[in-house]
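The chain contents come next:
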Amino acid sequence: MIVLLRAEQNPLSIMLFRGIMKTKTIEEIQNALQPIADEQGIEIVEVEFKQGKEPALTVYIDIEGGVDLNTCEKFHRAIDPVLDELDPTFGAPYTLNVSSPGLDRPLKTDRDYAKCIGQRVEVKLFAPLKGKKFFELTLKGHDETCVYLEDKGEEMKIEKAKIAKICRAIDLDSLL
């Protein structure tokens, strides 16, 4: 069994049956990496730390025009010494990954939504609305609590709390 505890001022602590592994907060890690991202014109989309037998710190990045392998490798090499100095796991070994967030990543931040205004998005709901749990619509806007969508002239307003996942619709034909 794994128990996750988070304290406001203290490092994130993960308690395992056979010991404790502490890591610095995601915010602290992102703050250390942000100057390098800014210097390279990279957006840090998300920083994620996964515990387990093989702990991994994954930094998801984006850049105008899209992320390629060279961008990931260059950013990885640039942040590696910073993370060595920061020591996010207090000496415990971990794997560092740098990745694109993927074409189908969920919209989470204001920036994610802003990038998709006017584009088709897939919306998956927790419970049916108008008899359906899945919609593909055009994103018109959003605010703190709602997403505004349109399909064939019909406007829809859906509360974010009712959305299981919202992401950019992928037109596979356009990728070929």
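The shown structure was predicted, so the numbers you read here are calculated from the model rather than taken from an experiment.

Parameters and conventions
- Residues numbered from 1 in each chain as written.
- Predicted model: local features only at pLDDT ≥ 70, side-chain atom pairs only at ≥ 80, totals over all residues.
- Heavy atoms only, no water.
- Helix = DSSP H or I, 4+ residues; strand = E, 2+ residues; numbered from the N terminus.
- Buried < 20%, exposed > 50% of the residue type's maximum accessible area, 1.4 Å probe, protein only.
- Contact = heavy atoms within 4.5 Å.
- Areas by Shrake-Rupley, 256 points an atom, 1.4 Å probe, with all protein chains shown as cover.
- pLDDT = per-residue confidence, 0-100.
- Salt bridge = Lys/Arg side-chain N within 4 Å of Asp/Glu carboxyl O.

(A) The overall build of the protein, seen in detail. Within the protein one finds four helices and 11 strands. Counting across all 176 residues of the protein, residues that qualify as buried make up 32%. Considering only intrachain contacts with a sequence separation of at least 6, the fraction spanning at least 24 residues in the protein is 48%. As presented, the protein carries roughly 11400 Å² of accessible surface, and 51% of it is formed by carbon and sulfur atoms.

(B) Main features of the confidence of the model for the protein. Residues of the protein with pLDDT of at least 70 account for 86%, and the chain-wide mean is 87. Below a pLDDT of 50 lies the segment residues 1–19, which in the model reaches 28 contacts outside its immediate sequence neighbourhood of four places, other chains included.

(C) Region of the structure containing the pattern of salt bridges. Under the defined criterion, the tally for this structure stands at 13 salt bridges. Its salt-bridge partner being Arg111, residue Glu43 comes within 2.8 Å of it at the nearest N-O pair. Taken together, the residues Glu43 in strand E4 (residues 43–50) and Arg111 in helix H3 (residues 110–116) connect sequence positions 68 residues apart. In this structure Glu43 comes out as buried when scored by relative accessible area, which is 15%. Taking the shortest distance from any N to any O, the salt bridge between Glu43 and Lys115 comes out at 3.0 Å. Of this pair, Glu43 sits in strand E4 while Lys115 is found in helix H3, placing the two residues 72 residues apart along the sequence. Linked through salt bridges whose partners overlap, the residues forming this network are Glu43, Asp62, Arg105, Arg111, Asp112 and Lys115.

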